Amino acid sequence: QVQLVESGGGLVQTGGSLRLSCAASGSTFSNYAMGWFRQAPGKEREFVAAISWGGGITYYADSVKGRFTISRDNAKNTVYLQMNSLKPEDAAVYYCAAKLGYAMRIPGEYPYWGQGTQVTVSS
């Protein structure tokens with residue numbers, strides 16, 4: 001079982017950047033595909049980005065493609081989400097999630113979740 005802790009959220013102006021981190025513990029990190037998801041008030045949790053266990057395969061939601069970059073450092077047991085050109089519609093609680101096997105876009109496929117970190121984008 002893996003435990004996940006996100007950090008790096010905060011308040012940023014439109015057009016600004018943030019880098020989220022998700023530190024994993026409790027299991028062999030490199031065995032897990034990782035995903036980032038977000039949930040805004042009143043909305044369902046949605047897929048943002050995912051990365052394979054080795055880092056060689058990445059997926060992005062169309063809404064963030066070209067602006068966000070997911071990466072991982074297996075030596076540091078950490079996955080990152082670099083967010084550039086932030087828009088007000090990017091504001092949400094961001095969650096990282098882990099699963100064995102292939103990276104997926106569906107939240108229900110991930111059994112392990114962090115507690116989330118708030119991202120606020122001012123217009």
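These notes cover the structure that comes with them. (Residues numbered from 1 in each chain as written. Predicted model: local features only at pLDDT ≥ 70, side-chain atom pairs only at ≥ 80, totals over all residues. Heavy atoms only, no water.)

Some thoughts on the overall build of the protein
- Along the backbone of the protein there are zero helices and 11 strands.
- Starting at the N terminus, the α and β elements of the protein follow one another as β-β-β-β-β-β-β-β-β-β-β.
- Taken against the 2.2 N^0.38 rule, which gives 14 Å for 123 residues, the C-alpha radius of gyration of the protein at 13 Å falls within 12% of a compact globule.
- The principal-axis extent of the C-alpha atoms belonging to the protein is close to 40 × 30 × 25 Å.
- Relative to its full complement of 123 residues, the protein shows a buried share of 44%.
- Long-range pairs, those at least 24 residues apart, make up 59% of the contacts in the protein with a sequence separation of at least 6. (Helix = DSSP H or I, 4+ residues; strand = E, 2+ residues; numbered from the N terminus. Rg over C-alpha atoms; globule rule 2.2 N^0.38 Å. Buried < 20%, exposed > 50% of the residue type's maximum accessible area, 1.4 Å probe, protein only. Contact = heavy atoms within 4.5 Å.)

Some words on the sheet that holds strand S3 (residues 18–25)
- Taking strand neighbours across the sheet as the criterion, the four strands line up as S1-S3-S8-S7 in an open arrangement whose pairing is antiparallel. Edge positions in the open sheet fall to strand S1 (3–7) and strand S7 (68–73), since each of these has one partner strand only. Between one strand axis and the next, the sheet turns by 15° as a mean value, whatever way the strands run.
- One ladder, built from six bridges, connects S7 with strand S8 (residues 78–83); its direction is antiparallel. (Pairing = 2+ DSSP bridges. Axes fitted to C-alpha atoms, helices over the stretch in contact; angles between N-to-C directions.)

From the geometry alone we can't say anything about function, so treat these as descriptive.
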